[in-house]
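Report on the structure
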Amino acid sequence: MRYNIDPRQQAVRDRIKEFAEKEILPVYKELDRAPEKFPVDYYRKLGKAGYIGFAMPKEYGGGGYSNIEYITLIEELAYWDAATALLAAVPELAVYPIIHFATEEQKKKYLPKCATGEMIPSFALTERMAGSDAANQQTIAKIVGNEFVINGEKIFIMHGDACDLAVLFCRIGEEASERPKVSAIIIESNRPGFKGFTLKHKMGMRAATTGRIELKDYRIPISYQLGEIGKGFRYAMATLDGARIGVAAQGVGLCQRALDESISYAKSRIAFGAPIAKLQAIQWMIADMATQLEAARMLTYKAAVLQDKGEKFSLEASQAKLFATEASRFCVDRAMQIHSGYGYIGEFSVIEKLYRDQRVTEIYEGTSEVQRMVIAGNYLR
Ligand SMILES: Cc1cc2nc3c(=O)[nH]c(=O)nc-3n(C[C@H](O)[C@H](O)[C@H](O)COP(=O)(O)OP(=O)(O)OC[C@H]3O[C@@H](n4cnc5c(N)ncnc54)[C@H](O)[C@@H]3O)c2cc1C
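Residues numbered from 1 in each chain as written. Predicted model: local features only at pLDDT ≥ 70, side-chain atom pairs only at ≥ 80, totals over all residues.

1. Some words on the environment of glutamate 365
Locating glutamate 365 in the fold gives a position in the loop between helix H11 (351-358) and helix H12 (368-380). A tally of 26 C-beta atoms within 10 Å means that glutamate 365 is categorised as buried. It is 8.7 Å that separates the C-alpha atoms of glutamate 365 and aspartate 241, two residues lying 124 residues apart in sequence. Contacts of glutamate 365, omitting those with residues within four sequence positions, involve Leu240, Ala243, Arg244 and Val247. (Helix = DSSP H or I, 4+ residues; strand = E, 2+ residues; numbered from the N terminus. Buried ≥ 20, exposed ≤ 12 C-beta atoms within 10 Å, placed from the backbone. Contact = placed C-beta atoms within 7 Å.)

2. Some words on the domain arrangement of the chain
Size of an interface, as often reported, equals the accessible area lost when the parts are brought together. What the domain assignment lists for the chain is domain 1 (8-116), domain 2 (121-230) and domain 3 (233-380). Look at where the C-alpha atoms of domain 2 and domain 3 centre, and you get two points 31 Å apart. Between domain 2 and domain 3, the residue contacts involve 12 residues of the former and 10 residues of the latter. When its residues are assigned to classes, the side of domain 2 that touches domain 3 shows 9 nonpolar, 3 polar and no charged. (Domains from an automatic or database assignment. Nonpolar A, V, L, I, M, F, W, Y, C, P; charged D, E, K, R; others polar.)

3. Description of helix H4 (residues 67-80)
In this model, H4 (14 residues) spans 20 Å end to end at C-alpha, consistent with the 20 Å of a helix rising 1.5 Å per residue. The element H4 is extensively covered by neighbouring structure, given that 13 of its 14 residues are classed as buried. (Expected span 1.5 Å × (residues − 1).)

4. Some points on unusual backbone geometry
Positive phi outside glycine occurs at methionine 205, with the angle close to 50°. With 26 C-beta atoms packed within 10 Å, methionine 205 lands in the buried category. Phi angles above zero are rare outside glycine, and phenylalanine 272 is one such case at about 55°. For phenylalanine 272, the location among the structural elements is in the loop between strand S9 (270-271) and strand S10 (274-275).

Structure (structure tokens):
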């Protein structure tokens, strides 16, 4: 029995369980094992079911669901397949700056197609020299007449190999040697000068591909600027605050799956003539996993509720992400120990996949160290 902080969460859980049995369980193993290639048909199926633009505003074709419902969606998808949760989370991350900072014309042009999965959006912030130090953008847009001419490279961009558009963070008109003012531009991938590549040999979350974007003398009218010049870093950080609760929800889903698998395995695996669930060593692992899970869930729901209320939630989002993702590492690790050989070999259980999928949750959308910086900064100022 999952704890719901809001009665609407149960409806989301029931819906996803039904969807998972029909659409996720038959394909997720194949999507995980296939050579890395963005699963367009699967993405469109998720879009058709309403899971791509779930939290996007209704007036632009989205589901209009609250944050608490959205993070429940991500938690439940992650329970069945974390990569599917990521496929659903990336478009919400990518269009957040469009929803909040774009012109009406830009919103009307992109949001309805992104909400249904017809267009694939990316969030292109990270560069080789701008990871945790995200403000250190080297990609540069020069203004030539009424166009931007953009040169640079983005790395680790979710769906960057398949995207139709990206919210690109870069400097506008400034030389590369200065500490830049970051700005945002909406770019489209079908123009000359844009190349997207799939990054190979990713450890987990393999169905949701990660790309590298190369921009060489890429031209786009200056009307594609998003918001105001120099405010891009603020837009990016505001986007990440909300997205971090989504990553926390991925962690919660992974914790729950690791726990459920462990309980059922411990009851059925016989050693020394009895189920291993009778052993105190195993019981303590289950107790610790269950407690980590519940604490992670509460921090995650708290952050989502604050966001729904329109209150400040940046600190709580970082605390939720930090705790829930580290809790998910703890839980999948204990699940591996309980399953032992049958956890390590993917043929026998899902634990090997949970182990691989979990790890990146502590890295993307701000590493655990960055979350600690944010948290400490809030307490020490
Ligand atoms: C699968 C995947 C998907 C991703 N998706 C996207 C995406 O869609 N869009 C996007 O823009 N980016 C994306 N990223 C990028 C991700 O956000 C960065 O990888 C992350 O922010 C860390 O940057 P980095 O890898 O350059 O590590 P670095 O910043 O080089 O960090 C290396 C180590 O140093 C530590 N460190 C750095 N600075 C500090 C500090 N000041 N104090 C303490 N420790 C510090 C870090 O915590 C880390 O342990 C993705 C990454 C991955 C792996």
